[in-house]
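Letter by letter, the chains look like this.
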Amino acid sequence: MTPNSCLLARNLSFSFGENPAIHEISVEFTRGKITGIMGPNGSGKSTLLKCLSGIIEPHSGDVLAFGGLLSDFQDKISYIPQKEKIDWDFPITVKDLVRTSLYKSLKWYERFSAELIRLSDQAIQTMGLEGFENKQIGQLSGGQQQRAFLARALASNAEVFLLDEPFTGLDAKATEDLIRILKKIRDDGKSVIVVHHDFSNAALFLDEIILLKTTVLKFGSANEVINSPELRRAFGFPGMGQMH
């Protein structure tokens, strides 16, 4: 693992019963990049992301973080699941959602310090959610919901942001806003790994793409992967030509 890496997957495999979801995946994620995990439906994208987050244990292979064991750096990694996996009716406000990331800094008998409160307020401000602090999360728009979870990750001082299909259901304006925010996170030196399905805007914000179909078909710059023969084969369109 090179010093410039945040995560390293080594020979990862995971199966659901007899069906392999991912097989023998080895890939190194560079710090300060936005890396897209892309591929057809059922290609193992979400499974790979969950293995990288530590939510599920691979059946074989392992994940290293910052040169050490993934378990030793769990507090530096923030995972944001697909929208449909979140209970939007849960009675929690934006402010309280963001502050849930701070409990790990406290002993059981401690209250939030002024500094921790400042960090959470700053994260809310950075995500453009001032005025929404006391809104229940289900009352937010789709774009605001994604920004609320990103604010939570920022407040936790995460170094790696793992997002599973964050653009699902967002309109054009919210998509544009989220791309801008992810670029800012990257430009601040943090790393973003995102499961994404829309090749029409991938080159606008992804630095690198892992093309997945159970195993890695191609890994390289966004333009390189988007215009590769592997992409055409992955989606079963041998004559689809170049995509821009």
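Every value quoted in this text rests on a predicted model; they were computed, and no experiment measured them.

Asker: Whenever I open this one, the pattern of salt bridges confuses me. Can you help?
Answerer: Charged atoms that come close allow side chains of opposite charge to pair. Counting across every chain of the model gives 9 salt bridges. When the shortest N-O distance is used, the salt bridge between R180 and D177 registers 3.9 Å. Within this pair, R180 and its partner D177 are both found in helix α5 (residues 172-187), separated by 3 residues, close to a single helical turn. One network of salt bridges, in which partners are shared, links K173, D177 and R180.

Asker: Hey, could you run me through helix α1 (residues 45-53) in this one?
Answerer: One full turn of an α-helix is made of 3.6 residues, so residues set three or four places apart face in the same direction. Where burial is concerned, most of α1 is hidden: 7 out of the 9 residues are buried. By the burial criterion, the buried members of α1 are K45, T47, L48, L49, C51, L52 and S53. One or two residues past the end of α1 sits G54, with phi positive at roughly 90°.

Asker: Looking at this model, I keep getting lost on the packing of aromatic side chains. Mind explaining?
Answerer: Any pair of aromatic rings gets described here by the distance separating the centres and the angle formed by the planes. For the structure shown, the criterion picks out 5 aromatic pairs. Relative to F149, the ring of W88 has its centre 5.8 Å away and its plane inclined at 90°; by these criteria the two rings are edge-to-face. Within this pair, whereas W88 is found in the loop between β6 (77-80) and α2 (94-99), its partner F149 is found in helix α4 (residues 142-155), the two being separated by 61 residues in sequence. Assessed through its relative accessible area of 17%, W88 is described here as buried. Relative to F235, the ring of F199 has its centre 5.5 Å away and its plane inclined at 90°; by these criteria the two rings are edge-to-face. Of this pair, F199 sits in the loop between β8 (191-195) and α6 (202-205) while F235 sits in the segment after α8 (229-234), and the two are 36 residues apart along the sequence. Owing to a relative accessible area of 10%, F199 belongs among the buried residues under this scheme.

Asker: Would you explain the sheet that holds strand β5 (residues 68-69) in this entry?
Answerer: Through backbone hydrogen bonds, the strands of a sheet pair up, either in parallel or in antiparallel fashion. Spatially, β2-β1-β4-β5 is the arrangement adopted by the 4 strands of the open sheet, whose pairing is antiparallel. Strands at the two margins of the open sheet, each flanked by one partner only, are β2 (19-30) and β5. In the sheet, strand β1 (residues 5-16) pairs with strand β4 (residues 60-65) via 5 bridges, with the strands oriented antiparallel. Pairing of R10 across the sheet is with D62, part of β4.

Asker: I'm lost on the side chain of T175 in this one. Help?
Answerer: Following the sequence through the fold, T175 ends up in helix α5. Beyond its immediate chain neighbours, meaning those up to four positions away, T175 contacts F167, L170 and N201.

Asker: Whenever I open this one, the pairing of β4 confuses me. Can you help?
Answerer: Each regular strand displays side chains that alternate between the two surfaces of the sheet. Two strands pair when backbone bridges link them, and β4 and β5 are joined in this way by 2 bridges, in the antiparallel orientation. Each residue of the ladder has a partner; that of A65, found in β5, is G68.

Asker: Just checking my understanding: could you explain the nonpolar core for this structure?
Answerer: What tends to happen in soluble globular proteins is that the nonpolar side chains get buried as a cluster. If you look at the biggest cluster of nonpolar residues, it comprises 47 residues, and the most contacted ones within it are L150, F161, L163, L182, F205, L206 and I209. Contact partners of I209, with chain neighbours within four places excluded, come to G36, M38, A202, K218, F219, G220, S221, A222, V225 and I226. Grouped together as the second largest cluster of nonpolar side chains are 27 residues, F14, L49, V63 and V195 included.

Asker: Would you mind going over the state of the cysteines with me for this structure?
Answerer: Here, the word disulfide means a covalent bond between the sulfur atoms of two cysteines. Here the structure, examined in full by the defined rule, presents 0 disulfides. No disulfide involves C6; its nearest neighbouring cysteine sulfur is the one of C51, lying 16 Å away. According to the relative accessible area criterion, C51 is buried, its value standing at 1%.

Asker: Before we go on, may I ask you to explain the pairing of β1 in this structure?
Answerer: Pairing of β1 with β2, which is carried by 8 bridges, proceeds in the antiparallel orientation. The partner of S15 across the bridge, within β2, is P20. If you look at the hairpin formed by β1 and β2, you'll find 2 residues sitting between the two strands, and G17 has a positive phi there, around 65°.

Asker: Would you take a moment to explain unusual backbone geometry for this structure?
Answerer: The general pattern is negative phi for most residues beyond glycine and trans for most peptide bonds. Even without being glycine, F66 reaches a positive phi, approximately 50°. Mapped onto the elements of the fold, F66 is located in the loop between β4 and β5. Positive phi, close to 50°, is recorded for E165, a residue that is not glycine. Structurally, the position occupied by E165 is in the loop between β7 (160-164) and α5.

Reading the values: the criteria
- Residues numbered from 1 in each chain as written.
- Predicted model: local features only at pLDDT ≥ 70, side-chain atom pairs only at ≥ 80, totals over all residues.
- Heavy atoms only, no water.
- Salt bridge = Lys/Arg side-chain N within 4 Å of Asp/Glu carboxyl O.
- Helix = DSSP H or I, 4+ residues; strand = E, 2+ residues; numbered from the N terminus.
- Buried < 20%, exposed > 50% of the residue type's maximum accessible area, 1.4 Å probe, protein only.
- Phe/Tyr/Trp six-rings, centres within 6.5 Å; stacked < 30°, edge-to-face > 60°.
- Pairing = 2+ DSSP bridges.
- Contact = heavy atoms within 4.5 Å.
- Core = buried A, V, L, I, M, F, W, Y, C linked by side-chain atoms within 4.5 Å.
- Disulfide = S-S within 2.5 Å.

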